[in-house]
Each structure stands twice: as C-alpha cells, then as structure tokens.
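Commentary on secondary and tertiary structure
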Amino acid sequence: MNIFRKFYCRTFQLVFKIAIPLLPYRTPKILQSVKDCPELLKRLGANKVFIVTDAGVMNCGLCDELTAALADNGLGYFIYDKTMPNPTVAAVEDARAKYIENNCNAIIAVGGGSAMDLAKACGARIVKPKKSVQKMAGILHVHKKLPPLIAVPTTAGTGSETTIAAVITDGETKRKFAINDFPLIPHYAVLDYSLTLGLPKNITAFTGMDALTHAVEAYIGRSTTKETRRNAIEAVKLVHANLKTCYDDPTNADARRNMLFAAHYAGIAFTKSYVGYVHAVAHSLSGRYGLAHGLTCSVLLPIVLESYGKKAHKKLARLAKACGVADSSEDKHVAARKFIDWIYSMNEYLGIPKGFTEIREEDIDGMARYADKEGNPLYPVPKLYSRKQLKSLYYKVKL
C-alpha cells in the first residue's frame, strides 16, 4: 500500500479510536429464557411479534417454547422461517413486506448470525422505507431507532446479539457487505445455553472458531480499549477450554454455556474494536460461493495471522500466555508461533479443511476488490494491505 493511502487509513482509524468513548454503543440487556420475553414486550407496548428464524431451527422445535409463551400471554406472532445462510437483499425486502402485512411491532431473531443479520436489516428497512439496503452499506446510514429487537442465539459463534452490524449479500453481484449503525444493536439478548445443546459437530466447529476469530482480530487491532481487551481475552480463554468439549460431547451443559458467553464477549469486543482482514476476505468468499462464514474465518485465521508477521507477535503472545498455550516466560515470537500453531491444530481436530476447491482464478480480482473496499480504511489491522497483497491470501487458501 502506498504511503499516502496508509496515512489516510491510519488517520481514519485513529479518529474512530478517539471517538469510541463518545459513541452510543450499548450492550444488550440479558434475559435468561424466552419465557421472559412476553412481559418485556408488553412493557414495550408490543402486541404482535415478527419472529425471524430458519426452517432448521423450526424443525428442531427451538421456537416452540417462545411461541407458547407468547400465546399464553395473549401476544400474537408471525413466523418468518425463510432465512438462509448469507441472507440476501431480496430476503430483507421479503421479510419487511411480511412484517408490514402482518401488522407486527416487534422483532425476535431466533437462530445464528444469519437470522440476526436478516432481522436487523429488516428492522432498518422498516424505519427507513425510502432507503434501499444497498444504500445502508457502510457506517452510520440508518441513524433511526428500530422496533423493539430481541436476539435469541442458537449457536455460539457470531455474537451478533451484541453488534452494530448486519451482513447482507447482494444476490446479483454476489458481493457481501455490512450495514453498521448503533440502532442495529439488539435491545435484549436471550442467552440460554439449552438452545445450543446437541448442535451438529460441523456447526459447533464453524461457529466456535468464528467466535475465536472475532476475539483475536479485536485484540490484535489498533483500536482496542481496556474493556475490549478484557472481553477478547476472556473469549479466547473460554474457547480454548471448551470448544473441543462441545465438539466431542454436544450435550455438555457447562461447555455449551461457556461457549455461548465466549461468543457474547467476543461480540462485545469486536463491535467496538472491529475485526480485520480475516473477515474482509471471508465475506467475499462466502458471498461469492455460498460458504459458511464461520468456515471461511476458520481457514483464514491462522494464515492471515502468519501474514502479519512480527507486527502481531506481541499481542498474539499475550493471548497465548493468557489461555495457557504458551508459558509466561517464553519469548513473544515463540509464544505467538505457538498460538498460531494451536489454531492450526484446532482446525485439524475439528475437521476444518485447509482451503477451498470452490475458488476460481477469474473471481480473485473481484473478491480482492471487495475485500479492499471493506477492510480499508475501516479495519485497524496490525499491518495494512493493498489489493495486490489481499489477492495473495486467496491463493493461499485455493485448493
């Protein structure tokens, strides 16, 4: 990256870092169970709830307790279960139409990151009826209070119940983009580990490594605060201690609870300190080929960390020592290497591939352009990359 663009990126990032204490971030209030939702919704003046979920969650019966609680308390609801991985602009418009058609006045997202992204974007379009989804891409283009929004995560990975972002895919261009604004942070989050019991091994793996990616990228960036560093470290420690257990024993209550909070803490960390080039590249891959976001992050994480070189070693070493991957007395370069090696070993243990056969040579230029646009100047990465340098990351994961 040329010196003038570097100066622009770092100046942009410095301004945001200085502004963090002044910005209207909020942490959602935690509910213990979906049974707590009806009384809350009544206090908020809601009488009909728009439930955003997917067919898999519905078929597993994970919405049954919620719908029963709503019905028992005289609240109406409409279930929108058409959420797909990597929700599209068309899906947002379809959900918005159903919300209006059914006279709803509150939203509950039940599911993983896709359901929460769709619910957030739908809420944004409801309050900004004249602004297209595409026009909301970027930073601070919503700036209007959403209908009451409750997030009920059924996976332990995205931390979307804490974040300002909704990631949407343009179905025509296959470009994935983020809408970032403070009103998108859910007002409440139900953290009930029982909803994550028995998740399939691959989803446990992908979402768990997604949480790790959020924590690591937030921690090694240049816009951290004391709070975000503390949350990121706690998330990494919880992933290190619990993800393998969740993978081996899907019904382990303690491990599932701990992973749910790992994702939550990581979400708090990265919503203020942002992520990095792992996410910029991962979004372009999942948008282009329909790959799971957590999968793309898992594969890319150790590779991108290696590419940062010594620029990231000091902070990676701190993470390694905090979670017990390295001894407190070890040299920072040795400890950082051990941390990266641990991530590689986790990927292997969890059955995550080393790359993607889906990547086509003719797509790489376009994906690198999208990654460059997403990552620069917003992401306060340890080392800035030009589009050409970003292209090299795609070749490293191309099989």
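The structure contained in this document is the topic of the report that follows. (Residues numbered from 1 in each chain as written. Predicted model: local features only at pLDDT ≥ 70, side-chain atom pairs only at ≥ 80, totals over all residues. Heavy atoms only, no water.)

1. Digging into the nonpolar core
With 85 residues, the main nonpolar core has Val216, Leu285 and Phe339 as its most contacted residues. Leaving out residues up to four positions away in the same chain, Phe339 has contacts with Val216, Val236, Leu316, Leu319, Ala320, Cys323 and Val325. One finds Ile107, Ala119, Ile126 and Ala166 within the second-largest nonpolar core, a separate group that totals 31 residues. (Core = buried A, V, L, I, M, F, W, Y, C linked by side-chain atoms within 4.5 Å. Buried < 20%, exposed > 50% of the residue type's maximum accessible area, 1.4 Å probe, protein only. Contact = heavy atoms within 4.5 Å.)

2. A few points about the pattern of salt bridges
Once the charged atoms of two side chains with opposite charge are near each other, the side chains can pair. Taken as a whole and judged by the stated rule, the model has 15 salt bridges. Where Arg5 meets Asp372, a salt bridge forms, and the shortest distance between an N and an O atom there is 3.1 Å. Taken as a pair, Arg5 in helix H1 (residues 3-19) and Asp372 in helix H14 (residues 364-375) lie far apart in primary sequence, 367 residues in all. A relative accessible area of 29% means that Arg5 is categorised as partly exposed. For Asp372, a relative accessible area of 6% gives the class buried. Between Glu39 and Arg43 there is a salt bridge; the shortest N-O distance is 3.7 Å. Here Glu39 pairs with Arg43, and both are found in helix H2 (residues 37-43), just 4 residues apart, close to one helical turn. Taken as a pair, Glu39 and Arg43 share a single burial class, namely exposed. (Salt bridge = Lys/Arg side-chain N within 4 Å of Asp/Glu carboxyl O. Helix = DSSP H or I, 4+ residues; strand = E, 2+ residues; numbered from the N terminus.)

3. Thoughts on the pairing of strand S6 (residues 149-153)
Consecutive residues of a regular strand have side chains that alternate between opposite faces of the sheet. In terms of residue burial, S6 counts as a mostly covered element, since 5 of its 5 residues are buried. Side chains Leu149, Ala151 and Pro153 of S6 all project onto a buried face; the interleaved residues Ile150 and Val152 project onto the opposite face, where all are buried too. The sheet contact formed by strand S4 (residues 106-111) and S6 spans 5 bridges and is parallel. Bridged to Val110 within S6 is Val152. (Pairing = 2+ DSSP bridges.)

4. Considering the sheet that holds S6
Within a sheet, neighbouring strands are paired by backbone hydrogen bonds and run either parallel or antiparallel to one another. If you trace the 6 strands from one edge of the open sheet to the other, you get S1-S9-S6-S4-S2-S3, paired in parallel fashion. Every other strand in the sheet has two partners, leaving strand S1 (29-31) and strand S3 (76-80) as the edge strands with one partner each. Neighbour-to-neighbour, the strand axes of this sheet turn through a mean angle of 20 degrees, independent of strand direction. Two strands pair when backbone bridges link them, and S6 and strand S9 (residues 188-190) are joined in this way by 2 bridges, in the parallel orientation. Among the inter-strand pairings, Ala151 is bridged to a residue of S9, identified as Ala189. Packing of helix H6 (residues 113-127) onto the sheet brings it into contact with strand S2 (48-52), S3, S4 and S6, and relative to S4 it is tilted by some 160 degrees. (Axes fitted to C-alpha atoms, helices over the stretch in contact; angles between N-to-C directions.)

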